[in-house]
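# Architecture and fold: a report
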Amino acid sequence: MSNSRWVFGLTTALLPLLIVGASVLENQYVGMRMVDGVLVPSPPPLDERNPATGLQKAFPAVVQPEDNPTTPEKVELGRLLFFDPILSDDNTMSCAHCHHPHLGFSDGLPRSLGRGATGAGRERKGGIELTRGAPTLWNAVYNHRQFWDGRAANLEEQARMVITTPEEVNADPEELVRELKAIPEYRELFDKAFGGKNGEAITFKNITYALAAFERTLVSFNSRFDRYAAGDGSALTPQEKRGLKLFLSPKTRCNECHGLPTFANRDFKVIGVPDPPDGPRDMPKEGAEKGRGGGPQGAFKIPTLRNIALTAPYMHNGVFATLEEVLDFYSGGGGRGLGLDVPLQDDKIRKFQLTPQEKADIIAFLLALTDESALPKIPERVPSGLPVVKPQIPHLPTKLDIDSPELRRLKQVHRRASGLNSPVPAQPRRLGMHIQAPMRGNRPERTDKAVQAKGRVVEVRPGESIQEAVDRAGRNGVVRVYPGTYHENVLVIHHGVTIEGVIQNGKRPVLDGRNFLPDAISGLGNDFTVMNLEIRNYQGNGVVVHKARNVVYRNLILHNTGLYGVYPIECDGVLVEDCKVSGTKDAGIYVGQSRNIVVRRNEAFQNVTGIEIENCVNAIVEENYVHNNTGGILVFLLPFNPSKVQDGCIVRRNRVINNNTPNFAAPEAIVSNVLKGTGIMILAADNTEVYENEIVGNGSFGVMVISLRQLFPEPTPLDVDPHPDGNRIYNNTLRDNAKDPDERLKRFGVPPVDLLWDMTGKNNQWRQPEGSRFPPNLPMIP
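Read on for an overview of the structure. This structure is a prediction, so every number in the text was calculated from the model and none was measured.

So, about the overall build of the chain. The helix and strand inventory of the chain stands at 16 helices and 37 strands. Relative to the compact-globule value of 28 Å for 782 residues, the chain shows a C-alpha radius of gyration of 28 Å, a close match. Seen through its principal axes, the chain has C-alpha atoms that stretch 85 × 60 × 50 Å. Within the chain, the fraction of its 782 residues that count as buried is 62%. Long-range pairs, those at least 24 residues apart, make up 62% of the contacts in the chain with a sequence separation of at least 6. When the accessible area of the chain is evaluated, it comes to approximately 29800 Å², of which 50% is carbon and sulfur surface. Counting 90 positive and 91 negative side-chain charges, the chain places the averaged centre of each group 4 Å from the other.

Written as structure tokens, this is what we have:
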């Protein structure tokens, strides 16, 4: 057998089994279920009121056009069309040539090659080089919009655009319909899928509808991570668990854009990806909304990280060959870190440090997101009789030596394809990138249900591990930590967990990150309480909680914990009380994208900002002592976040005193714009009530109400209402403010005053007889 024939035989026989897993052979529509005759994605079972762990989140609802329900007949027709080169003007190019199923439904090229190119996937050569790579189609059904710049509203529109674009498939719709009608098998398939007789159902619209129906079945949600999220603690290795902690950390902020469970986001972000040194420069596409796409200044979609092991090279233009290059880009501060002028770079893209071990840990975790159990078979033939794409092998996603089952299997295929291993046996072993068949039915059985219902009480003393105690305590568990110093980064994925420091003779347990570890505690479970701890010297955050219900921070002392002290984000039901926070580089107490919040009786000092409520609904901030920060209390609405509103915050009976510390935030952070001497700042927020506060000695102003346009001038595109509406400021004590203003206040063209308004927004009102003000005549509360 010749070497080329041997490689072809190997990849034909081994790769689909290696990547797909045995379950594909047993179920034509893995990951889908039939509801009223329509196929819909079917993620692993999830009881939203009682999920297995805090990592288990509900997938978004799938929205598809009412006139194109996904039926098995359409899916099978779409599968054949997807692999059939008849779609192109010269009958040489199918969808699979650039969205190859073995390459993560991408093409393995930095930038795709369009009309005139030959070959498929990584082997494609010549023709028109496009400015962007083919995005993965895995879980495209969950995309808010399609293409890198979101210019297509849905998969049907995306198919139409690709087929008719001259640089790509370049088909003439009428000619394509004529070609398909000339093939008896297609006439029968279209009539079966859409109704009709003798091929009358063959229309260009139905071509795009069938392709979209097929693409909606390309779902991935049964990776080893998903098994871990469903309660199988052995599904991830220790290294992958470390990587998960870093992924969730405010140090890296990966999860804030690539959120669970899709590991994607409906937003579009500017991160400053550089133009490729050896390819065409990216330009905005016709039909993309203003500000979307187009080089380092353009906003691109946040793609899914599921199956990222298979889709190298990375970014919209393939400028990074490996995952470690991607991490270097982010940790270096994005485009700005490369010296590019990116004025609208997203606030979350800031410099941070990763050790070689941390980098390997994150990559190991990302590889554990691999699942191709729903990978469709490449048809042996298509009705046109034209040749279909052949099996291919993905690039290796990393050059690092990582102990990952997925990476081992990819390397094995590469070695065998290179002739470095023994020939493939006649009956190849079913290895599988999908290590275990998808979970169906109920979640894995747990033991000791009586203990689980009540929860275990586990005590931790110096020299023992808080993380091990949290894992042992499990659901509804109580972990009691005795005085001593612990150097840990703790991940809490179970619901109902309480971590309680035991105070003895005035001493409490200390978590010390030694200025190296990312976070003290990361929580994802509902009904989570952390109390009576001292936390210090972390790089990312003190205690962060993601997407949980009923979260309590109580009686914590936090100092020098990185960006934030306490950091609940996308939570419902947050209580922060009796905490003392100092020395953070952003906000001592930050609550973001959350609702139903109480922040009371805390002390925040020597932070950039003391307390920040951002993009939240229904918050009470009361009886706090906020002093000697750059800014005291901030109520913000910022753009390009999951929540698009900041509404209904009450700020009352707080002491906001002498917040005159020079701003020491990272220059690229939005919080770096907070003026030294800020008392209370309302930025684009709606319906904020500010009353009965003592606001004294803040050098620039007492209370300021301004528009986002002060930070993002026209014509900067925003996805939120930039103006503050319906805010009321009354019955506050104002004294000795505006006596030592920040020099930057001059850019507003206003004097330092107790009460400042930029005259934007509607129904903002004041009742403050005393105090200086600008403008002199503020709208009064009746």
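And the narrative resumes.
Bringing the pattern of salt bridges into the picture now. Enumeration according to the criterion identifies 43 salt bridges in this entry. Among the salt bridges present, the one from aspartate 149 reaches arginine 132, with a minimum N-O distance of 2.9 Å. Of this pair, aspartate 149 sits in the loop between helix 3 (72-82) and helix 4 (155-164) while arginine 132 is found in the loop between helix 3 and helix 4, placing the two residues 17 residues apart along the sequence. Pair check on accessibility: aspartate 149 and arginine 132 agree, each one buried. What emerges from the salt-bridge pattern is a single network uniting Arg554, Glu577, Asp578, Arg600 and Arg601.

Another point: the layout of surface pockets. Roughly 1200 Å³ of internal volume is contained in the largest pocket. What lines the largest pocket is a set of 46 residues, and nearest its centre among them are Ala58, Pro60, Leu260, Pro261 and Lys547. If one sorts the elements of the lining of the largest pocket by residue count, strand 3 (residues 265-269) sits on top with 4 residues. Split by residue class, the lining of the largest pocket holds 20 nonpolar, 15 polar and 11 charged.

What follows is about the nonpolar core. Side chains of nonpolar character tend, in soluble globular proteins, to be buried together. Ranked by size, the top nonpolar core spans 63 residues in total, and within it Ile499, Ile521 and Tyr553 carry the most contacts. Considering each element in turn, this core owes the most residues, 4 residues, to helix 16 (residues 466-473). In contact with tyrosine 553, other than residues within four places in its own chain, are Val530, Val543, Val544, Val545, Val566, Tyr567, Pro568, Leu575, Val576, Glu577 and Cys579. One finds Phe59, Met93, Ile202 and Phe204 within the second-largest nonpolar core, a separate group that totals 57 residues.

Considering the arrangement of structural elements, one finds glutamine 593 in the loop between strand 20 (587-592) and strand 21 (595-600). Owing to a relative accessible area of 11%, glutamine 593 belongs among the buried residues under this scheme. Each C-alpha atom, one on glutamine 593 and one on phenylalanine 640, is 11 Å from the other, the two residues being 47 residues apart in sequence. Ignoring anything within four residues of it in the chain, the contact list for glutamine 593 reads Ile569, Glu570, Cys571, Glu614, Asn615, Cys616, Asn641, Pro642 and Ser643. Only 3.3 Å separates the side chain of glutamine 593 from the backbone nitrogen of serine 643, close enough to count as a polar contact.

A few words on the packing of helix 4 against helix 7 (residues 204-215). Interaxial distance between helix 4 and helix 7 falls to 8 Å at its minimum, and their mutual angle equals 120°. For the element pair helix 4 / helix 7, the angle class is oblique. For the element pair helix 4 and helix 7, the recorded crossing hand is right-handed. Between helix 4, through Leu155, Glu156, Gln158, Ala159, Arg160, Ile163 and Thr164, and helix 7, the contact on the second element is made entirely by Phe204, Ile207, Thr208, Tyr209, Leu211, Ala212 and Glu215.

The subject of this paragraph is the packing of aromatic side chains. Scanning the entire structure with this criterion turns up 20 aromatic pairs. Each ring, one from phenylalanine 190 and one from phenylalanine 194, has its centre 6.2 Å from the other, and the planes form 25°; the classification is stacked. Highlighted residues: phenylalanine 190 and phenylalanine 194, both in helix 6 (residues 184-194), separated by 4 residues, approximately one helical turn. Among the residues examined, phenylalanine 190 registers a relative accessible area of 0% and is labelled buried. By relative accessible area, phenylalanine 194 is classed as partly exposed at 23%. For the pair phenylalanine 225 and phenylalanine 263, a centre-to-centre distance of 5.2 Å together with 85° between the ring planes defines the contact as edge-to-face. Of the two residues, phenylalanine 225 is situated in helix 8 (residues 224-229) and phenylalanine 263 in the loop between helix 10 (254-257) and strand 3; the sequence distance between them amounts to 38 residues. Each member of the pair phenylalanine 225 and phenylalanine 263 is classed as buried. The structure contains a cluster of three or more aromatic residues connected by ring pairs, namely Phe82, Phe83, Phe105, Trp138 and Phe214.

To continue, consider the sheet that holds strand 19 (residues 580-582). Sheet strands pair by backbone hydrogen bonding; their relative direction is either parallel or antiparallel. Within the open sheet, the 10 strands sit side by side as 7-10-13-16-19-22-25-28-31-34. Their pairing is parallel. Two strands bound the open sheet, and with one partner strand each, they are strand 7 (485-486) and strand 34 (733-735).

Moving on, we come to helix 7. Here helix 7 contains 12 residues, and its C-alpha end-to-end distance of 17 Å stays within 8% of the 16 Å for a straight helix at 1.5 Å per residue. Among the residues of helix 7, Phe204, Asn206, Ile207, Thr208, Tyr209, Ala210, Leu211, Ala212, Ala213, Phe214 and Glu215 are the ones counted as buried. Elements in contact with the buried residues of helix 7: helix 3, helix 4, helix 5 (173-181) and helix 6.

Rolled over the atoms, a probe sized like a water molecule indicates the empty space that remains. Taken as a whole and judged by the stated rule, the model has 8 cavities of 30 Å³ or more. By volume, the largest cavity is sized at about 830 Å³. Around the largest cavity sit 46 residues that line it, and His258, Pro303, Leu305, Met315 and Tyr330 are the ones nearest its centre. At the level of secondary structure, the elements contributing two or more residues to the lining of the largest cavity comprise helix 10, strand 4 (300-302), helix 11 (323-331) and helix 13 (356-367). A per-element tally of the lining of the largest cavity places helix 11 first, with 4 residues. The class makeup of the residues in the lining of the largest cavity is 27 nonpolar, 12 polar and 7 charged. Estimates place the volume of the second largest cavity at around 90 Å³. As for the second largest cavity, its lining consists of Phe82, Cys95, His99, Leu137, Gln158, Ala159, Val162, Ile163, Leu211 and Glu215. Of all the secondary structure elements, the ones that give two or more residues to the lining of the second largest cavity are helix 4 and helix 7. It is helix 4 that contributes the most residues to the lining of the second largest cavity, 4 residues altogether. Grouping the amino acids of the lining of the second largest cavity by side-chain chemistry returns 7 nonpolar, 2 polar and 1 charged.

This next bit is on the pairing of strand 15 (residues 549-554). Pairing analysis gives 4 bridges linking strand 12 (residues 528-531) to strand 15, with the strands arranged parallel. Directly across from valine 530, in strand 15, lies its bridge partner tyrosine 553.

Once that is clear, we can look at helix 4. Here helix 4 lies mainly inside the structure; 7 of its 10 residues are buried. Of all the positions in helix 4, only Leu155, Glu156, Gln158, Ala159, Met161, Val162 and Ile163 are classed as buried. Those residues of helix 4 that are buried are in contact with helix 5 and helix 7. A distance of 3.2 Å separates the backbone nitrogen of glutamate 156 from a side-chain oxygen at the start of helix 4, and that oxygen is part of asparagine 154.

Rules used throughout
- Residues numbered from 1 in each chain as written.
- Predicted model: local features only at pLDDT ≥ 70, side-chain atom pairs only at ≥ 80, totals over all residues.
- Heavy atoms only, no water.
- Helix = DSSP H or I, 4+ residues; strand = E, 2+ residues; numbered from the N terminus.
- Rg over C-alpha atoms; globule rule 2.2 N^0.38 Å.
- Buried < 20%, exposed > 50% of the residue type's maximum accessible area, 1.4 Å probe, protein only.
- Contact = heavy atoms within 4.5 Å.
- Areas by Shrake-Rupley, 256 points an atom, 1.4 Å probe, with all protein chains shown as cover.
- Lys, Arg positive; Asp, Glu negative; His and termini not counted.
- Charge placed at Lys NZ, Arg CZ, Asp CG, Glu CD.
- Salt bridge = Lys/Arg side-chain N within 4 Å of Asp/Glu carboxyl O.
- 1 Å grid on protein atoms, 1.4 Å probe; cavity = no way out; pocket = protein on both sides within 12 Å on 5 of 7 lines; lining within 4 Å.
- Points joined across faces, edges and corners; volume = space filled by probe spheres on them.
- Nonpolar A, V, L, I, M, F, W, Y, C, P; charged D, E, K, R; others polar.
- Core = buried A, V, L, I, M, F, W, Y, C linked by side-chain atoms within 4.5 Å.
- Polar contact = N/O pair within 3.5 Å; in protein donor to acceptor, adjacent residues only side chain to side chain.
- Axes fitted to C-alpha atoms, helices over the stretch in contact; angles between N-to-C directions.
- Parallel < 35°, antiparallel > 145°, perpendicular 65-115°, else oblique.
- Left-handed = near helix turned anticlockwise from the far one by under 90°.
- Phe/Tyr/Trp six-rings, centres within 6.5 Å; stacked < 30°, edge-to-face > 60°.
- Pairing = 2+ DSSP bridges.
- Expected span 1.5 Å × (residues − 1).

Structural measurements only, silent on function.
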